[in-house]
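One letter stands for each residue in the lines below.
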Amino acid sequence: MLASKARPQIQRVLDPLGERLARSSVSPDVVTIVGTIGVSGAALGFFTRGVFFVGTLVITLFVFSDLLDGLIARARGISSPWGAFLDSASDRVGDGAIFGSLILWYAGDGDSLPLCAAALISLVAGSITSYVKARAEGLGLRCDVGFAERGERLLIVLVAAGLYGLGVPYLLPAALWFLAGATVLTVTQRVVHVRRQYLQAAGAAGASAAAGAPPAEPTAGQRAR
């Protein structure tokens, strides 16, 4: 995926800044929270008014904090489940602000209910995509597949919004419809992938039972459905 391939190059650029911040008293959690507030504030302040180019620049600036907080934590050796949880939750807030702002724009001055629906589908399906992966991994299953992961979705919508703000016609509407379809496809891919793993595990358990081996105890997550 494009965003996944670009991430190492971006990190090499940000590494010096991350190491400098790591030597300061700045907390990774503070960087995460400031970045989330910046992304959300820029989206709500610019996208809802149709100011897409400037809004994209400001949002992109704060999006880099999503990389900086991890760099600071690793440089100090303080990576923790709490930091990962906060980072993931903050991502959902930022994504909601970006697509929610586009929904408000097209429901108001943008005057397009179809595009409002496309942005809404992208927002809801994107949240389901993240939930499906988290739930599957909580049950001990892999869920590392998908046509449009978060990085790709964010990259597409920001590039499209920025160029649309510079006057490139039809780009943002096309991107929203593409993302709506791609994100629904990603949800489907992940559900099918998890289902296949479950059937394989069930088949293996059945084979073990037929051979006289005691069945495996279900995990706590599998019992609490």
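Residues numbered from 1 in each chain as written. Predicted model: local features only at pLDDT ≥ 70, side-chain atom pairs only at ≥ 80, totals over all residues. Heavy atoms only, no water.

Focus: the overall build of the chain
Reasoning step 1: Looking only at helices and strands, the chain has nine helices and zero strands in total.
Reasoning step 2: Counting helices and strands in the order they occur from the N terminus, the chain gives α-α-α-α-α-α-α-α-α.
Reasoning step 3: Sorting the 225 residues of the chain into buried and exposed places 36% on the buried side.
Reasoning step 4: Considering only contacts in the chain between residues 6 or more positions apart, those separated by 24 or more positions represent 79%.
Reasoning step 5: Just so you have it, the chain exposes about 12500 Å², and 67% of that area is on carbon and sulfur atoms. (Helix = DSSP H or I, 4+ residues; strand = E, 2+ residues; numbered from the N terminus. Buried < 20%, exposed > 50% of the residue type's maximum accessible area, 1.4 Å probe, protein only. Contact = heavy atoms within 4.5 Å. Areas by Shrake-Rupley, 256 points an atom, 1.4 Å probe, with all protein chains shown as cover.)

Some thoughts on unusual backbone geometry
Reasoning step 1: One non-glycine residue, Asp111, lies in positive phi territory at about 50°.
Reasoning step 2: Along the chain, Asp111 turns up in the loop between helix 5 (81-107) and helix 6 (113-138).
Reasoning step 3: Residue classification places Asp111 among the exposed residues on the basis of a relative accessible area of 67%.
Reasoning step 4: Of note, the phi angle at Tyr170 is positive, near 65°, even though the residue is not glycine.
Reasoning step 5: The topology assignment puts Tyr170 in the loop between helix 7 (150-165) and helix 8 (171-210).
Reasoning step 6: The exposure class of Tyr170 is exposed, given its relative accessible area of 68%.

With respect to the pattern of salt bridges
Reasoning step 1: Following the criterion strictly, the structure yields five salt bridges and no others.
Reasoning step 2: Arg92 is the salt-bridge partner of Asp95, the closest N and O atoms lying 3.9 Å from each other. On the criterion of helical spacing, the pair formed by Asp95 and Arg92 is a turn pair, its members being three residues apart in helix 5.
Reasoning step 3: What makes Asp95 buried here is its relative accessible area of 11%.
Reasoning step 4: Across the pair Arg150 and Asp95 runs a salt bridge whose closest N-O atoms are separated by 2.9 Å. Of the two residues, Arg150 sits in helix 7 while Asp95 sits in helix 5, which places them 55 residues apart along the sequence.
Reasoning step 5: Among the residues examined, Arg150 registers a relative accessible area of 22% and is labelled partly exposed. (Salt bridge = Lys/Arg side-chain N within 4 Å of Asp/Glu carboxyl O.)

Thoughts on the packing of aromatic side chains
Reasoning step 1: As enumerated under the stated definition, the model contains five aromatic pairs in all.
Reasoning step 2: Summarising the aromatic geometry, the rings of Phe52 and Trp105 are spaced 5.9 Å apart at their centres and angled 85° between planes, so their arrangement reads as edge-to-face. Of this pair, Phe52 sits in helix 3 (residues 52-63) while Trp105 is found in helix 5, placing the two residues 53 residues apart along the sequence.
Reasoning step 3: Judged by relative accessible area, which is 3%, Phe52 ranks as buried.
Reasoning step 4: Relative to Phe85, the ring of Trp82 lies with its centre 5.8 Å away and its plane at 35°, an arrangement referred to as tilted. Here Trp82 pairs with Phe85, and both are found in helix 5, just three residues apart, close to one helical turn.
Reasoning step 5: Note on Trp82: relative accessible area 48%, which makes it partly exposed.
Reasoning step 6: In this structure Phe85 comes out as exposed when scored by relative accessible area, which is 53%.
Reasoning step 7: A connected cluster of aromatic rings, assembled from ring pairs, spans Phe47, Phe52, Trp105 and Tyr164. (Phe/Tyr/Trp six-rings, centres within 6.5 Å; stacked < 30°, edge-to-face > 60°.)

A closer look at the packing of helix 5 against helix 7
Reasoning step 1: Relative orientation of the contacting elements helix 5 and helix 7 amounts to 35°, with a least axis distance of 12 Å. Every pair of crossing elements has a handedness; the one defined by helix 5 and helix 7 is left-handed. In this structure, helix 5 uses Asp91, Arg92, Asp95, Ile98, Phe99, Leu102 and Tyr106 to contact helix 7, whose residues at the interface are Arg150, Arg153, Leu154, Val157 and Tyr164. (Axes fitted to C-alpha atoms, helices over the stretch in contact; angles between N-to-C directions. Left-handed = near helix turned anticlockwise from the far one by under 90°.)

A short note on a nonpolar patch on the surface
Reasoning step 1: The grouping of Phe53, Val54, Leu57, Leu155, Val159, Leu163, Leu166 and Val168 at the surface amounts to a nonpolar patch, some 630 Å² of accessible area in total.
Reasoning step 2: Where the nonpolar patch is concerned, the elements lending two or more residues are helix 3 and helix 7.
Reasoning step 3: Tracing the backbone shows Val54 in helix 3.
Reasoning step 4: Overall, Val54 belongs to the partly exposed group, its relative accessible area being 38%. (Patch = residues over 30% accessible without salt bridge, like charges linked within 9 Å, V, L, I, M, F, W, Y side chains within 5 Å.)

Some words on the packing of helix 7 against helix 8
A pair of packed helices is captured by two measures, namely the crossing angle of their axes and the spacing between those axes.
Reasoning step 1: Where helix 7 meets helix 8, the axes come as close as 8 Å, and the angle between the chain directions of the two elements is 165°. Here helix 7 lies roughly antiparallel to helix 8, going by the angle between them. Crossing geometry of helix 7 relative to helix 8 is assigned as left-handed. Only Leu171, Leu172, Pro173, Ala175, Leu176, Phe178, Leu179 and Thr183 of helix 8 make contact with helix 7, whose side of the interface consists of Arg153, Ile156, Val157, Ala160, Ala161, Leu163 and Tyr164.
Reasoning step 2: Considered class by class, the residues forming the contact of helix 7 with helix 8 number 13 nonpolar, one polar and one charged. (Parallel < 35°, antiparallel > 145°, perpendicular 65-115°, else oblique. Nonpolar A, V, L, I, M, F, W, Y, C, P; charged D, E, K, R; others polar.)

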